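Next come the chains, spelled out residue by residue.
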Amino acid sequence: MEFKTIIEPFRIHSVEPLVMTTPEQRREALKAAGNNLFSLRAVDVLIDLLTDSGTGAMSRDQWAAMQQGDESYAGSPSWFRFLESVQDLFPFEHVIPTHQGRAAERILFTAIGGEGKIVPNNTHFDTTRANVEYTRASAVDLVIAEGRDSQSMHPFKGNMDLEALDALLTEHGPEVVPVVFVTITNNSGGGQPVSLENLRGVRAICDRHGIPFFLDACRFAENAWFIKQREPGQSDRDVRDIVREMASLADGMTMSAKKDPLGNIGGWLALNDDALAEQCRNLLILTEGFPTYGGLAGRDLDALAQGLREAVQHDYLSYRIRSTAYLGEALANAGIPVVQPTGGHAVYIDAAALLPHISPLEYPGQALAIALYEAGGIRSVEIGSVMFGLQPDGTEVPAALELVRLAIPRRTYTQSHIDYVIEVCESVAQRADELSGYRITSTKRQMRHFTATFEPV
Ligand code: F0G
């Protein structure tokens, strides 16, 4: 007999206390933070859904693996265990360890970006876009139209628009486009997966135009699980095989190991091109470290070697994807507009739909995120015009979507924590028409969503 309750496929081994706060204390904390949730002290947050990045719980076996960490500067056994684990899933010729994903991005785009270049992606994550633009190249998002429609039930809303990609590459050849990126899953578009068929299509187009194809593979295991669930002919495959096929279609990858590899820190750049790898290793040595540790301690490399093995286990992925959907379904059932279908690592509330009385440049997502914190101590993140609205020329253009992301740290919160989150979201949604918009009172040009301060309009 199959039971419908999806239980956490682990029991708790050590615990961290949560600190309860009152609404009054939270209002004070918001004031001190200039209404920017990144500026809160984490102890003032009850349920922290700011990000699924580096915030997951490591397993007993990962902690045990850390004890084997060997801190030799060069050629540590930890490095070789890490390398074997990475190449088991992603058999690229060169693996270059970094302290996190954006370091891999910075190294790669320093090598291949530059003025006049164009980098297409289904949707650039903000650090990826920033690293492309920092080299004066432009970052272009070419996700399929369904990926911009929060209610479309397309099973692979992260897919690249192949026609648009082909048109771009026909107009601009390899001198202008140094690489084509696909982000799996598509974080900024709602944690939506990309199908194998679409990846094969990107591969074919890149081959035709002679342009390398890279994956931003932070959430590769979740993407592979969706492929197994949703793509015709894939249901009997082992997730590891699907991951290897995804990797085999690409020429390289960037990785934030703070996501699916179940680490609290780490990342890598992997690729097949020898000359480019050498250039990247030289940049690595300049700022990250020697090529057998990158920006990481030996113990971190061992934690990741083990984390990668756990990330592709079916019981884990089934629980992971099902428990995220549990939150998404409960909010939808309560009439709260969420991006459909629920993504892998997060639930995205459509703040523009929930707060139609707040115009995009009065930041409905920020207003909702602040309200969720004030009401219940939940920290989420705005993914809308605060994050994407500011253009390189200093003007503001509303983002395609005004979302609030509730990202679920891996193996960290239980179902009762999530039931509490559901209750808080419902209570805020019930008085949505009372919420007001915000204006920015101070900001910096780069990465303003980390630093801006806000006041109610
Ligand atoms: N690419 C994607 C798709 C990401 O989601 C992230 C990070 C990065 C690259 C950069 O990796 O943080 O290790 O430097 N996303 C986090 C998030 C921060 O909250 O979604 P990093």
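This is a predicted model, so every value here is computed, not measured. Think of each chain on its own: its residues are numbered from 1, step by step along the sequence as written. Owing to the predicted nature of the model, reporting of local features is limited to residues with pLDDT of at least 70; listing and counting of side-chain atom pairs is limited to 80 or more, with chain, interface and lining totals taken over all residues. Values reported for side chains reflect all heavy atoms of the structure, with hydrogen atoms and water molecules removed beforehand.

Chemist: I would appreciate a short explanation of the layout of surface pockets in the present structure.
Modeler: To find leftover empty space, one rolls a probe the size of a water molecule over the atoms. A pocket here means an open set of points on a 1 Å grid, computed over the protein atoms alone, that has protein on both sides within 12 Å along at least five of seven lines. A cavity is instead a set of points where a 1.4 Å probe fits but cannot get out; residues with an atom within 4 Å of a point line either one. Grid points are joined across faces, edges and corners, and a volume is the space filled by probe spheres set on the points. Put simply, the largest pocket is a space of about 1,400 Å³. Lining the largest pocket we find 38 residues, and of these Ser14, Ala57, Met58, Arg411 and Thr412 sit closest to its centre. Contributions of two or more residues to the lining of the largest pocket are made by helix H2 (60–66) and helix H12 (314–333). Examining the composition of the lining of the largest pocket, we find that 3 residues originate from one element, H2, more than from any other. Amino acids are sorted into nonpolar (Ala, Val, Leu, Ile, Met, Phe, Trp, Tyr, Cys and Pro), charged (Asp, Glu, Lys and Arg) and polar (every other residue, Gly among them). Residues that form the lining of the largest pocket fall into these classes: 18 nonpolar, 11 polar and 9 charged. Both domains that meet at the lining of the largest pocket, namely domain 1 (23–52 + 313–456) and domain 2 (60–311), each give it at least three residues. The space that makes up the second largest pocket amounts to roughly 800 Å³. Lining the second largest pocket are 31 residues, with Arg129, Glu133, Met387, Phe388 and Leu390 positioned closest to its centre. Each helix is a run of DSSP H or I of at least 4 residues and each strand a run of E of at least 2, with the numbering of both proceeding from the N terminus. Domain delimitation follows an automatic or database domain assignment.

Chemist: What am I meant to see in the pairing of strand S12 (residues 403–407) here?
Modeler: Within a regular strand, side chains alternate between the sheet's two faces. Of all 5 residues in S12, 5 are buried, a share of seventy percent or more. By this definition, two strands are paired if DSSP reports at least two bridges between them. Bridging between strand S9 (residues 346–350) and S12 involves 5 bridges; their strand directions are antiparallel. Residue pairing in the sheet places Ala346 in a bridge with Ala407 of S12. As defined by bridge partners, strand S11 (residues 381–383) adjoins S12 across 3 bridges and the pair is classed as antiparallel. Bridged to Ile383 within S12 is Leu403. With a 1.4 Å probe rolled over the protein chains alone, any residue whose accessible area is under 20% of its type maximum counts as buried; one over 50% counts as exposed, and the rest are partly exposed.

Chemist: Could you clarify how one ought to interpret the sheet that holds S12 in this entry?
Modeler: Within a sheet, adjacent strands bond to each other through the backbone by hydrogen bonds, running parallel or antiparallel. Across the sheet, which stays open at both edges, the 3 strands sit in the order S9-S12-S11 with antiparallel pairing between neighbours. In this open sheet, the two edge strands, each paired with only one partner strand, are S9 and S11. Ignoring strand direction, the axes of neighbouring strands in this sheet form an average angle of 35 degrees. For every element, the axis is a line fit to its C-alpha atoms; helices are fit only across the contacting stretch, and the angle between N-to-C directions ranges from 0 to 180 degrees.

Chemist: What is the right way to read the nonpolar core from this model?
Modeler: When a protein is soluble and globular, its nonpolar side chains tend to lie buried together. Of all hydrophobic cores here, the largest spans 59 residues; its most connected members are Phe90, Phe220, Met246 and Trp268. Element by element, the count of residues in this core is highest for helix H8 (residues 220–230), at 6 residues. Summarising the domain contributions, this core has at least three residues from each of domain 1 (23–52 + 313–456) and domain 2 (60–311). Residues belong to a common nonpolar core when they are buried Ala, Val, Leu, Ile, Met, Phe, Trp, Tyr or Cys residues joined through side-chain atoms within 4.5 Å. Core analysis: the second largest hydrophobic core is formed by 45 residues, Leu30, Ala367, Tyr373 and Phe454 among them.

Chemist: Explanation requested: the site of the ligand in the structure shown.
Modeler: Lining the immediate surroundings of the ligand are 17 residues, of which Thr51, Arg102, Ser256, Lys259 and Arg405 lie closest. One of the side-chain N or O atoms of Thr51 is found 2.7 Å from an oxygen atom in the ligand. Counted as a polar contact is a pair of N or O atoms within 3.5 Å, where, for protein atoms, one must be capable of donating a hydrogen and the other of accepting one, and residues adjacent in sequence contribute only when both atoms are in side chains. For the ligand, an oxygen atom lies 2.6 Å from a polar atom in the side chain of Ser256. Here the ligand has 470 Å² of accessible area as a free molecule, and 94% of this is covered by the chains. If you tally residues by element for the shell around the ligand, the top one is helix H4 (residues 101–112), at 3 residues. Looking at the shell around the ligand residue by residue, the classes come out as 2 nonpolar, 8 polar and 7 charged. Throughout, near means a residue has at least one heavy atom within 4 Å of the molecule or strand. Note that accessible areas follow from Shrake-Rupley with a 1.4 Å probe, and for residues the cover is restricted to the protein chains shown.

Chemist: Looking at this structure, I do not really get the domain arrangement of the chain. What am I missing?
Modeler: When the parts come together, some accessible area is lost, and that loss is often what is quoted as the size of the interface. The domain boundaries assigned to the chain delineate domain 1 (23–52 + 313–456) and domain 2 (60–311). Relative to domain 2, the C-alpha centre of domain 1 lies at a distance of 26 Å. Carbon and sulfur atoms supply 57% of the area buried between domain 1 and domain 2, which totals about 2,800 Å² over both sides. Defined in terms of a 1.4 Å probe, buried area is the accessible area two parts forfeit on being brought together, summed over both. Together, His314, Leu317 and Pro341 form the three largest contributors to the area buried by domain 1 at its contact with domain 2, with a combined 19%. Salt bridges are defined by distance alone: a side-chain nitrogen of Lys or Arg within 4 Å of a carboxyl oxygen of Asp or Glu. Counting every contact that joins domain 1 to domain 2 gives 5 salt bridges. Note that Arg410 is salt-bridged to Glu222, the shortest N-O span being 3.2 Å. Run the count over domain 1 and domain 2 and you get 19 residue pairs in polar contact (both at pLDDT 80 or more). Counting residues per element, the ones that place at least two in the side of domain 1 that touches domain 2 are H12, S9, helix H15 (385–388), S12 and helix H17 (448–451). For the side of domain 1 that touches domain 2, the leading source of residues is H12, giving 6 residues.

Chemist: Hey, could you run me through the environment of Gln234 in this one?
Modeler: Within the secondary structure, Gln234 sits in the loop between H8 and helix H9 (239–248). It is 36 Å that separates the C-alpha atoms of Gln234 and Arg379, two residues lying 145 residues apart in sequence. Ignoring any residue separated from it by four or fewer positions in sequence, one finds Gln234 in contact with Leu196, Arg200, Ile227, Lys228 and Ile242. We call two residues contacting when some pair of their heavy atoms lies within 4.5 Å.

Chemist: Just to check I follow, could you spell out helix H10 (residues 274–287) for this structure?
Modeler: The span you would expect from a helix comes to 1.5 Å times its residue count less one. Given a rise of 1.5 Å per residue, 14 residues ought to cover 20 Å, and the 20 Å separating the end C-alpha atoms of H10 matches this to within 8%. Looking only at H10, the buried set comprises Leu276, Ala277, Cys280, Leu283 and Leu284. What you see down the axis of H10 is that its buried residues fit within an arc of 125 degrees, all on one side. Turned more than 90 degrees off the buried face of H10, the exposed positions are Asp274, Ala275, Glu278 and Leu286. Against the buried residues of H10 lie strand S2 (94–98), H4 and strand S8 (267–271). Residue Asp273 occupies the N-cap position of H10, its side-chain oxygen lying 3.0 Å from the main-chain nitrogen of Ala275. Just downstream of H10 lies Gly289, where phi reads positive at about 150 degrees. Each direction from the helix axis to a C-beta atom contributes to the arc, which is the arc of those directions.

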